[in-house]
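Chains, contacts and geometry: an overview
Chain by chain, the residues run as shown.
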Amino acid sequence: MKKNPDGIGHYYTKTVNNKKRYFWRISVNGNIIERSSYNRSDLDDKIKIVKKSITFGYDPAIKRLSDFSKMYLNVSTSHLKPRTKKWYESIIRLYLSSEPLGPKNIQDITPMDIESYLNTLKGKISASYINGIKRCLSVICNCAIKQGMLRQNPCSTAKTPKIKKRNVYIPSRMQIKDILAIAKSGEYLGKKVENENEGQTLMREQFYTVLLLALFTGLRRGETYALTWDNVDLEYGRIHIIVTLGKSDDSNEPTPKTLQSRRSISIPNNVLLALREWQNLQKHFSEKYGDIYDNKDNIVFPNTIGHYYNYSNINRSYWYPFRKYCGLPKDYHWHDFRHWHVTYLVSLQVKIGEITRRLGHSDPSITYRIYTHAFATDDSTLINAINNDWS
């Protein structure tokens, strides 16, 4: 969809009766208004009438940040992905609707107010969450600028507090072998393994396969659990990543966050073999328990009834006890396996461009910035070049 010049409403086209028809859609107070025409100028005339009649649903009398933020959610978020909108709703409810910023008129909020508030959150929530609050507030202020309520966005000069980055623990190659052996055996579950039913055995095998996939493909967790067998080519050893799954969603999102995240990657032989074994296990379970295992979406890693998985269930049943048993740090995240994958590729002297494409980043600079530790640990190519030149 092409964004309207003033930032509110969306154009799109589709074929109707073998002819190209122009559409325009806007969300006003939770209601969708749509206009269309085969002629673009005719559609623009219709849009002007709509604009005059609704004034975008904004009430100029609403000035407090808490109220304006809620109005923004109702009027100007039709273009957002459901997951992003849910994220903004959470931030507004928890951080922008109460003291100290919520009761203030949006025109009265200064960069110093924002900096002061964000500093009070330091140590209470993560750095990424603090940045998310500022980003959400900046979007709301930009909306206020479009409505003529602000001249300048106070977030543009407000600084987020400096927070020391967490050092990502990178397991050694031998540790990874031990970790995989533990996942395969299920010993981290203790006596539960002895008494598990077939569904629990299936989920334990699934956890191992997902772990293997994370380590040797670098897939994000949401991308892994959103995979369908239609996008896994076991014959040629490739995975096509086109959708992702939110942390607590019951269905997959339409697409990953960026166009570059939509990609096809090759998978190594050990992962290919594990996926084939997993597919056979899944097929056997489906044939035996088809009355309850309704995997109509052909999901590669569903729950025990064939639906998309909820992360909280995975964490509680498998990831937390597994992490503890393996002796991994308490702050070790599943996403850190992606860091291991990058470090591993760098150790194999894989070029940065190939790593960037594999990870689904839009630019190599993003890969460098996020995975600085990986590139800082291996300068063997550089040293060998100097030694060879001066030998």
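Residues numbered from 1 in each chain as written. Predicted model: local features only at pLDDT ≥ 70, side-chain atom pairs only at ≥ 80, totals over all residues. Heavy atoms only, no water.

Once that is clear, we can look at the overall build of the protein chain. Secondary structure summary: the protein chain contains 15 helices and seven strands in total. In the protein chain, which comprises 391 residues, the proportion classed as buried is 43%. Carbon and sulfur atoms make up 51% of the accessible area of the protein chain, which amounts to about 21,600 Å² in all. (Helix = DSSP H or I, 4+ residues; strand = E, 2+ residues; numbered from the N terminus. Buried < 20%, exposed > 50% of the residue type's maximum accessible area, 1.4 Å probe, protein only. Areas by Shrake-Rupley, 256 points an atom, 1.4 Å probe, with all protein chains shown as cover.)

A grouping of Leu382, Ile383, Ile386 and Trp390 is seen on the molecular surface, where their side chains present a nonpolar patch of about 460 Å² in accessible area. One can find Trp390 in helix H15 (residues 380-390). (Patch = residues over 30% accessible without salt bridge, like charges linked within 9 Å, V, L, I, M, F, W, Y side chains within 5 Å. Salt bridge = Lys/Arg side-chain N within 4 Å of Asp/Glu carboxyl O.)

The sheet built from three strands is open, its strands ordered E5-E6-E7 with antiparallel pairing. With partners counted over all chains shown, the strands left at the sheet margins are strand E5 (232-233) and strand E7 (263-266), one partner each. (Pairing = 2+ DSSP bridges.)

Cis rather than trans, the peptide bond between Glu99 and Pro100 has omega equal to 5°. Relative to the helices and strands, Pro100 resides in the loop between helix H3 (82-95) and helix H4 (111-121). Its identity is not glycine, yet Asn18 carries a phi of approximately 65°, on the positive side. Within the fold, Asn18 resides in the loop between strand E2 (10-16) and strand E3 (19-28). Exposure remark for Asn18: the relative accessible area of 78% places this residue in the exposed category. Positive phi, normally seen in glycine, also occurs at Asn298, with a value near 60°.

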